[in-house]
Amino acid sequence: MFKLTESPALYNGDFHSPLCRLTLLPNLARLSLAPMNGELGRTREFFQKVGIELPGPTDAVLSPCLILPLGRGQWLLQGEWPDLEPINELICTTDQSDAWCGFQLAGSGGPAVLERLVAAAPQSYSCGRAVRTQIEHLGCWVVGLDNNEWQILGPRSSAESLFVALKHAALAVDALLQN
Amino acid sequence: MSRRVSPGRIGKKPVNFSFDGRSFQGYAGDTLASALLANDQMLLGRSFKYHRPRGLITLGSEEPNALVTIGSGARQTPNTRATTQELYEGLSASSQNRYPSLKFDLLSVNDRLSRFLTAGFYYKTFMWPRSFWESVYEPLIRRAAGLGKLSEVEDADQYDKGFLHCDCLVIGGGIAGLEAALEAAHQGKAVILCDENPRLGGMELFDSAPIDSVEGLIKELQSLSNVRLMSRTTVQGAFDHGVYSALTQNTDHLAQPHKAAPRQTLWRIYSSEAVLASGAHERMIAFDNNDRPGVMLSSALRGYLNYFGVLAGDTCAVFGCHDDARKTVVDLHAAGAKVIWIDTRSAHEPVDGVQCFTDARVVDTRGRHRLKGIEIEQGGERFWLPCDALGVAGGWNPRVQLTCHQGGRPRWSNDVGGFISGTDLPPGMRVVGAAAGEYLRGNWSPVWDVSKRGSAFVDPQNDVTVKDIKLAHQEGFISVEHLKRYTTLGMATDQGKNANTLGIGVLSQHTGNAIESVGTTLFRPPYTPVAIGALAGRARGKAFKPTRLTPSHEFATRQGASFVTVGNWLRAAYFPQAGETHWRESVDREALAVRNAVGVCDVTTLGKIDVQGRDAAQFLNLVYANGFLKLPVGKTRYGLMLREDGIVFDDGTAARLSENHFVVTTTTANAVPVYRHMEFVHQCLAPNLDVHLISTTESWAQFAVAGPRSRELLQRIVDLEISNEAFGFMACAETRLLDGTPARLFRISFSGELAYELAVPARFGNSLMQTLLEVGADLGATPYGTEALGVLRIEKGHAAGNELDGRTTAVNLGLGQMVAQTKDSIGRVLANRDLLANSTLRLVGFRSDQQILTGSWLIPPGRSSEQDNTLGWVSSACYSPNLGCYIAIGFISDADQYLGAQLRAVSLLDKVDVGVSVVSPHFIDPEGERLRV
């Protein structure tokens, strides 16, 4: 009898420098959610009852789970979201756990790292906000978690390329400070 | 001999460097130019065409002459302006365009031949024999003329890119820029101020007056949190929508930069507002031999003295037609130099103790490797005076380059004596300070050309003389744009900063036309030269583009697979085994394993789109040409998608997992276009349908398990009854593996064999691949790659990307009946156009004992290999290990007529001409029995 084992999106996806820490997030549960036609109001109400306001464009919910606006009437949930059983008939859901890889970027060098990679204005990924953008041609999310802490979500298959991009930028920032 | 008379504004910390192998000492804060000048090294280079000795002309980024090579090998940078290169310990510079040495350059013979080497001489000579141009003449000319040379070694430096946002971008850190930045900052705007120099302050720094006010402004700006001051940063271009490019030189001034530090960073700056405060630079006057080392601009002579503490000569002459000349005279005199002042004007404020010639002009100079004397003309008389430095004040050119980057045209201002920006500025930009002509309006008497022999240099970088301009005009190059291209005036690294206005002035003087009517050429980005490496940034080598790895990449790597790039994906092409010496051996083995036992292939790269909603079936019924409304739950259907124009867009499958839930698969190449197309249909054509789309390509690792023993293998893996009766052809199910892993199983076949596709969450992909092969080892389970995949599908006659090439229709593919006429679908109406519907082009097969090349044209025997004789083309070809011959599929017109006939497959490109017989495209199991067992 066999037992399949999980692989991480990337082996060795961590990088630390005096100015930033880059950490590969473990495999996390993710779900895309879209209310069926006419069910947006009831879906919102359900989330409001559990203390969550579904975020509008450019915003993000950070707690109790991460929620990002994927598109018009569509959200991405990450982490431990509320039990959706009561609204099962109202929504379409798709498991997206393996679609994305995530990195945590933290440290005072973070803004300098991100300004090397993200064309969007820094305000768009400040704390509590999220931006869908490109990092070295990869479609990514940059989410502001705290003043000097961000989560970057990118396509799982390109985890290595995304890590290399982040790491090179972090190395550059670090080296320029030491000059 | 040292020409340093004071520490200037830079201090006295010694720095050692070398030039052409000779050791020198300068001070920290020096540029290479100022340090060489301080060491009395006046000769710095050779000119482009005539190899004339050249020295400094300016003290900034507009320098045309003092171009040197910095470093060597992988870090060699040619054409570096000595005037902007900051000095650092151990700097090694060398002169350019000379042989064997700077002082003794054999090619200076060109100077003697200059009367024959006028503008465009090579257009008129070297005409015969024609074949000699590329093989002999051009290489010789290129060797004789030129700037620095590349090392031809890969650049060892790293480069960086980034994005900045602000409300107000201030370009230039002189007094006007500093004031503009402060004003914007006080209004609460986010401000970025860029200046190309290492130190903010602009031209104020080079004057003798105190700079307290400048330092005060800088201090105040530094204290503001909404201001970012970026020195060593040159704004290179102004682009649409408030986008500016800027280059920061991070390490070019450092002796030992951190090894990971990017040498330069190219910024894209977004700003709704820009203030151009780039200042102005002085210009030359055309007089004979005005290019000798020691002849420079008056402001440069003054700047080297005041900022760097270097007095360029013992006897300094200043030749001007402008009030600014006086400032230089005053400072030189105060520094103790013997000063001669020659001014074209009849009256100006004198300077006590300075010999002054009014209504006079310098008409010639002498000295070979450095200036030794000047010839002055006054009152009809000419006489020589000795001097070893000459500053020329010919007027000022406002730096308006960035105002032109979006088509703006500068306009001439008699008041300023230069071109200032027009009204057509880039949106959001305003011009202030000297760049707008402020401070420059003074007592100016226009003087352009005072030469007698025409050997006065207008563009020293390209060796363009007054004589060249006259000749070009005489030959009909009247437009200033034509003049530029014929003479190369204003080209190369300084991009006309020195030459353009002077050239236009000379043309105006000699044609008698006003400068306004002569016109001007425009400037384009970049403002100063940018290293190619900076444009590439981090996008080099492995980081050139992102890579997508399949879930089983690690397994494939361990197996020694050979990979092929498919879009950004890296896919295993084949898995060589010990003893196999040629890729064909591996591919043949893998293809045979699938036909005879079972093979496993990672097909994750195929696009996967989740389609959910109450109207999901209706939606798919619209986007696919064939029907999907009645597809039962638990079944998969092959689908054909057309473009609006009726041409085939993509093919794939749609599996109905539940009443309102489908999974669509696409070809690898069209994963994104199909998703985009479906979103377009949803959002624009059928917005009322209750349907929700999301890509799941990344989410699921999917494996084709194909071959007569595939069922046996999968029954050991999945927790589902998969007998033919329970799980028939085209069945699909959401299930679990025996270990509980969630999975999806589809009974679909691309190879024509009994086959399945098994999907698990991507994180289990690598483990599943390994497990399938281990569990199926006794069944002969074999991993196969894209090459065998291709062989198998050609043997079966399945169309793929090569056949769906944007030109073919369903009819061409033999799938005309799939386009349902009883329902509406995208592309149906236009697919019924006569031209498409009645096309006789059909997909057929070809066999041969010789290799058939993809892309070959099909020509009947006995006809010449010409376009008119072609019947069609070969779209895919391979060797079939199952049939033991070469096979191909492709398209021919009137296919029915040629079935069984002999044709020629001709590739003119590869010079291959093979005989092929036309057969059915289904080489294997045409009845489809194998896949239904």
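This is a predicted model, so every value here is computed, not measured. (Residues numbered from 1 in each chain as written. Chains lettered and ligands numbered in written order. Predicted model: local features only at pLDDT ≥ 70, side-chain atom pairs only at ≥ 80, totals over all residues.)

J.: Residue-level account of the overall build of chain B, with values.
T.: What chain B contains, in helices and strands, is 23 helices and 48 strands. For 933 residues, the compact-globule formula gives about 30 Å, and the C-alpha radius of gyration of chain B, at 38 Å, lies well above that figure. C-alpha atoms of chain B, sized along the principal axes, occupy 115 × 70 × 55 Å. Split into buried and exposed, the 933 residues of chain B put 54% on the buried side. Of the contacts formed within chain B by residues at least 6 apart in sequence, a portion of 65% connects residues at least 24 apart. (Helix = DSSP H or I, 4+ residues; strand = E, 2+ residues; numbered from the N terminus. Rg over C-alpha atoms; globule rule 2.2 N^0.38 Å. Buried ≥ 20, exposed ≤ 12 C-beta atoms within 10 Å, placed from the backbone. Contact = placed C-beta atoms within 7 Å.)

J.: Any details on the overall build of chain A? Residues and values, ideally.
T.: Looking only at helices and strands, chain A features three helices and 10 strands. N-terminal to C-terminal, the α/β element order of chain A is β-β-β-α-β-β-β-β-α-β-β-β-α. On C-alpha atoms alone, chain A measures out to a radius of gyration of 17 Å, which is about the 16 Å that the 2.2 N^0.38 rule sets for 179 residues. Taking the contacts inside chain A whose residues are at least 6 apart along the sequence as the reference set, 62% of them involve residues at least 24 apart.

J.: Can you explain the sheet that holds strand β34 (residues 636-642) of chain B? Please cite residues and give values.
T.: All names here are of chain B. The five strands lie next to each other as β34-β35-β36-β33-β37, forming an open sheet whose pairing is antiparallel. Strands with a single pairing partner mark the edges of an open sheet, and in this sheet they are β34 and β37 (692-695). Each strand of the sheet is rotated relative to its neighbour by a mean of 25°, with strand direction disregarded. As judged from the four bridges shared by strand β33 (residues 607-612) and β37, these two strands associate in the antiparallel manner. Directly across from D610, in β37, lies its bridge partner I694. (Pairing = 2+ DSSP bridges. Axes fitted to C-alpha atoms, helices over the stretch in contact; angles between N-to-C directions.)

J.: Explain the interface of chain A and chain B residue by residue, including any values.
T.: Between chain A and chain B, the contact holds 45 residues from the first and 45 residues from the second. Breaking the side of chain A that touches chain B down by element, the ones donating at least two residues are β3 (30-35), β6 (91-95) and α3 (159-178) of chain A. Among the elements that make up the side of chain A that touches chain B, the one with the highest residue count is α3 of chain A (11 residues). Split into classes, the residues belonging to the side of chain A that touches chain B amount to 19 nonpolar, 16 polar and 10 charged. (Nonpolar A, V, L, I, M, F, W, Y, C, P; charged D, E, K, R; others polar.)

J.: Which residues make up the packing of helix α9 (residues 466-474) of chain B against helix α10 (residues 480-487) of chain B, and what are the values?
T.: Residues and elements named next belong to chain B. α10 packs onto α9 with a crossing angle of 120° between their chain directions and a minimal axis gap of 10 Å. By the angle class used here, α9 and α10 are oblique. Two packed elements cross with a definite hand, and for α9 against α10 that hand is right-handed. On α10, the residues that touch D468, I469, A472 and H473 of α9 are L483, Y486 and T487. Here the residues of the contact of α9 with α10 are counted per class, giving four nonpolar, two polar and one charged. (Parallel < 35°, antiparallel > 145°, perpendicular 65-115°, else oblique. Left-handed = near helix turned anticlockwise from the far one by under 90°.)

J.: Describe the nonpolar core, naming the residues involved and giving the relevant values.
T.: Residue and element names in this part refer to chain B. Within the largest apolar cluster, 144 residues are counted, with the highest numbers of intra-cluster contacts made by V170, I171, A181, V191, A286, C316 and V458. When residues no more than four places from it in sequence are discounted, the contact partners of V458 are A286, V464, T465, V466, I469, L489, A499, L502, G503 and V506. Grouped together as the second largest cluster of nonpolar side chains are 116 residues, F575, M641, M678 and V918 included. (Core = buried A, V, L, I, M, F, W, Y, C linked by C-beta atoms within 7 Å.)

J.: Summarise the packing of helix α5 (residues 175-186) of chain B against helix α6 (residues 212-222) of chain B; cite the residues concerned and give the values.
T.: Residues and elements named next belong to chain B. Look at α5 against α6: their axes get within 10 Å of each other, and the N-to-C directions meet at 35°. Regarding α5 and α6, the two cross each other, and that crossing is left-handed. Judged by residue contacts, I175, L178, E179, A181, L182 and A185 of α5 engage V214, L217, I218, E220 and L221 from α6. Of the residues that constitute the contact of α5 with α6, the class distribution is nine nonpolar, no polar and two charged.

J.: Kindly report on the sheet that holds strand β44 (residues 857-859) of chain B, identifying the contributing residues and their values.
T.: Residues and elements named next belong to chain B. Taken together, six strands build a closed barrel; the order of strands is β43-β46-β45-β44-β47-β48 and the barrel is antiparallel. On average, adjacent strands in this sheet sit at an angle of 45° to one another, irrespective of strand direction. Here strand β47 (residues 902-907) runs beside strand β48 (residues 912-919); their pairing, made up of six bridges, is antiparallel. From the neighbouring strand, R904 faces β48, where its bridge partner is G915. Seen against the sheet, helix α20 (residues 786-796) touches β45 (872-880) and β46 (885-892) and runs at an angle of roughly 120° to β45.

J.: A description of the environment of I722 of chain B should follow, citing residues and the corresponding values.
T.: Residues and elements named next belong to chain B. Among the structural elements, I722 can be located in the loop between α18 (710-715) and β39 (732-736). Exposure remark for I722: the 21 C-beta atoms within 10 Å place this residue in the buried category. The spatial distance from the C-alpha of I722 to the C-alpha of R711 is 7.1 Å, given a sequence separation of 11 residues. In this view, I722 contacts R711, L714, Q715 and F727; residues no more than four positions away in its chain are not counted.

J.: Describe the confidence of the model for chain B, and please don't skip the residues or the numbers.
T.: Taken residue by residue, chain B gives an average pLDDT of 95. The fraction at 70 or more is 100%. Confidence metrics for the complex model read pTM 0.93 and ipTM 0.97. (pLDDT = per-residue confidence, 0-100.)

J.: Can you tell me about α3 of chain A, naming the residues and giving the values?
T.: Over its 20 residues, α3 of chain A extends 28 Å from the first C-alpha to the last, a length consistent with the 28 Å expected when each residue adds 1.5 Å. Burial within α3 of chain A is extensive, with 16 of its 20 residues counted as buried. (Expected span 1.5 Å × (residues − 1).)

J.: So, unusual backbone geometry: which residues are in play, and what are the values?
T.: Note: most peptide bonds trans; most residues except glycine with negative phi. All names here are of chain B. Backbone torsion omega between Y99 and P100 reads 0°, so that peptide bond is classified as cis. Along the chain, P100 falls in the loop between β7 (91-94) and α2 (109-112). The linkage connecting W128 with the following residue, P129, adopts the cis geometry, with an omega of -15°. In this fold, P129 is placed in the loop between α3 (121-124) and α4 (132-144). In this model, D359 sits at a positive phi of 50°, which is unusual for a non-glycine residue. Summarising the element assignment, D359 is placed in the loop between β18 (355-357) and β19 (360-366). Notably, D463 is not glycine yet its phi reads approximately 55°, a positive angle. Along the chain, D463 turns up in the loop between β27 (457-459) and β28 (464-465). Residue class for D463 comes out buried when judged on the 25 C-beta atoms lying within 10 Å of it.

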